[in-house]
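Here is how the chains run, residue by residue.
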Amino acid sequence: MKRLGVFLILIVLARLSPAAAADIDLHHYWDQRCKDCHGHAGAFARRFLRVKNGNLLGAHHQDDLDVFLRNHYLTDALVAPVSAMLMAQVATPPLYGEKCARCHGTAAEFARKSLVVRNGVLAGVSSVRSVADYLASHGGLGPAEVRAMVDTLTRVRNEVSDPGKSR
């Protein structure tokens with residue numbers, strides 16, 4: 001069968017309650033269910049999806065990607081979080097991949113094991129130091145890149161959703 005184009009199935013999920021959806025690690029789920037065919041979620045999103053007028057669009061699903069997601073086994077509870085994750089990846093340059101991944105692995109792996117949100121501030125688990133302060137002298141990032149990196153890592157930390165790691 002010929003490939004259906006640049007956008008095939010996004011996420012397959014049998015059934016989750018809305019409460020469970022809030023606690024799912026979206027990156028882990030992608031890696032377990034989608035990565036073998038579609039690769040890394042960020043690279044996939046940047047290559048095959050686009051945002052127009054605040055809506056996430058696929059090459060073959062330009063009218064309503066959310067309907068496509070719902071009709072392909074993604075529950076209503078996961079449509080919004082998955083769409084938001086992919087939309088953020090489309091809109092975010094791959095700065096982490098270019099500057100950090102070689103030493104720290106994927107952003108999701110790094111966020112899971114090394115980052116925590118304390119009182120609304122992203123910090124290192126071990127150092128307890130704010131990531132913004134740490135990055136001011138690590139990785140050779142300029143001030144605008146530090147802000148972008150903190151925003152990206154905060155988003156990813158929230159997407160890997162481990163309630164025990166936020167305080």
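In the block above lies the structure referred to throughout.
Within each chain, residues carry numbers counting from 1 in the order of the written sequence. In keeping with the model being predicted, local features are shown solely for residues with a pLDDT of at least 70 and side-chain atom pairs are shown and tallied solely at 80 or more, while totals for entire chains, interfaces and linings include all residues. Note: side-chain values were computed over all heavy atoms of the structure, leaving out hydrogens and water.

**Some remarks on the layout of surface pockets**
Over the atoms rolls a probe the size of a water molecule, and its path tells where empty space is left.
Alright, step 1. With a 1 Å grid laid over protein atoms only, a set of points is called a cavity when a 1.4 Å probe fits there but cannot get out and a pocket when it is open yet has protein on both sides within 12 Å along at least five of seven lines; lining residues have an atom within 4 Å of a point. Grid points are joined across faces, edges and corners, and a volume is the space filled by probe spheres set on the points. Quantified by volume, the largest pocket comes out at close to 320 Å³.
Alright, step 2. What lines the largest pocket is a set of 21 residues, among which His-104, Phe-110, Tyr-134, Leu-135 and His-138 lie closest to the centre.
Alright, step 3. For the lining of the largest pocket, the secondary structure elements donating two or more residues are helix 7 (95-99), helix 8 (101-104), helix 9 (107-114), strand 4 (121-124), helix 10 (131-135) and helix 11 (143-159).
Alright, step 4. Secondary structure elements follow DSSP: runs of H or I of four or more residues count as helices, runs of E of two or more count as strands, with numbering from the N terminus. Of all the elements, helix 10 adds the most residues to the lining of the largest pocket, at 3 residues.

**Topic: the pattern of salt bridges**
Alright, step 1. Only one rule defines a salt bridge in this text: a Lys or Arg side-chain nitrogen within 4 Å of an Asp or Glu carboxyl oxygen. One pass over the full model with this rule turns up 3 salt bridges.
Alright, step 2. Here Asp-25 and Arg-112 are joined by a salt bridge, their closest N and O atoms 2.5 Å apart. Of this pair, Asp-25 sits in the loop between helix 1 (18-22) and helix 2 (26-33) while Arg-112 sits in helix 9, and the two are 87 residues apart along the sequence.
Alright, step 3. Given the relative accessible area of 27%, Arg-112 is considered partly exposed.
Alright, step 4. In this structure, Arg-155 engages Glu-159 in a salt bridge whose closest nitrogen and oxygen atoms are separated by 3.0 Å. Residue Arg-155 and its partner Glu-159 are located together in helix 11, separated by 4 residues, close to a single helical turn.
Alright, step 5. By relative accessible area, Arg-155 is classed as buried at 18%. The cut-offs for exposure are 20% and 50% of the maximum accessible area for each residue type, with area from a 1.4 Å probe on protein chains only; residues under the lower value are buried, those over the upper are exposed, and the others partly exposed.

**Examining unusual backbone geometry**
Alright, step 1. Within the chain, Asn-53 stands out as a residue other than glycine whose phi angle is a positive 50°.
Alright, step 2. Summarising the element assignment, Asn-53 is placed in the loop between strand 1 (49-52) and strand 2 (55-58).
Alright, step 3. Look at Val-128: it is not a glycine, yet its phi comes out positive at around 60°.
Alright, step 4. Structurally, the position occupied by Val-128 is in the loop between strand 4 and helix 10.

**Observations regarding the packing of helix 2 against helix 6 (residues 76-91)**
Alright, step 1. Here, axes are lines fitted to C-alpha atoms. For helices the fit covers the stretch in contact, and angles between N-to-C directions go from 0 to 180 degrees. Packing of helix 2 against helix 6 brings their axes to within 11 Å, and their N-to-C directions diverge by 90°. Taken together, the axes of helix 2 and helix 6 lie roughly perpendicular to each other. In this structure, helix 2 uses Leu-26, His-27 and Trp-30 to contact helix 6, whose residues at the interface are Leu-78, Pro-81, Val-82, Met-85, Leu-86 and Gln-89.
Alright, step 2. Class assignment of the residues belonging to the contact of helix 2 with helix 6 gives a composition of 7 nonpolar, 2 polar and no charged. Should an angle fall under 35 degrees it is called roughly parallel, over 145 degrees roughly antiparallel, and 65 to 115 degrees roughly perpendicular, with every other angle called oblique. The criterion used for residue contact is that any of the two residues' heavy atoms lie within 4.5 Å. Note that Gly is not counted as nonpolar here; it falls among the polar residues with everything else outside the nonpolar set of Ala, Val, Leu, Ile, Met, Phe, Trp, Tyr, Cys and Pro and the charged set of Asp, Glu, Lys and Arg.

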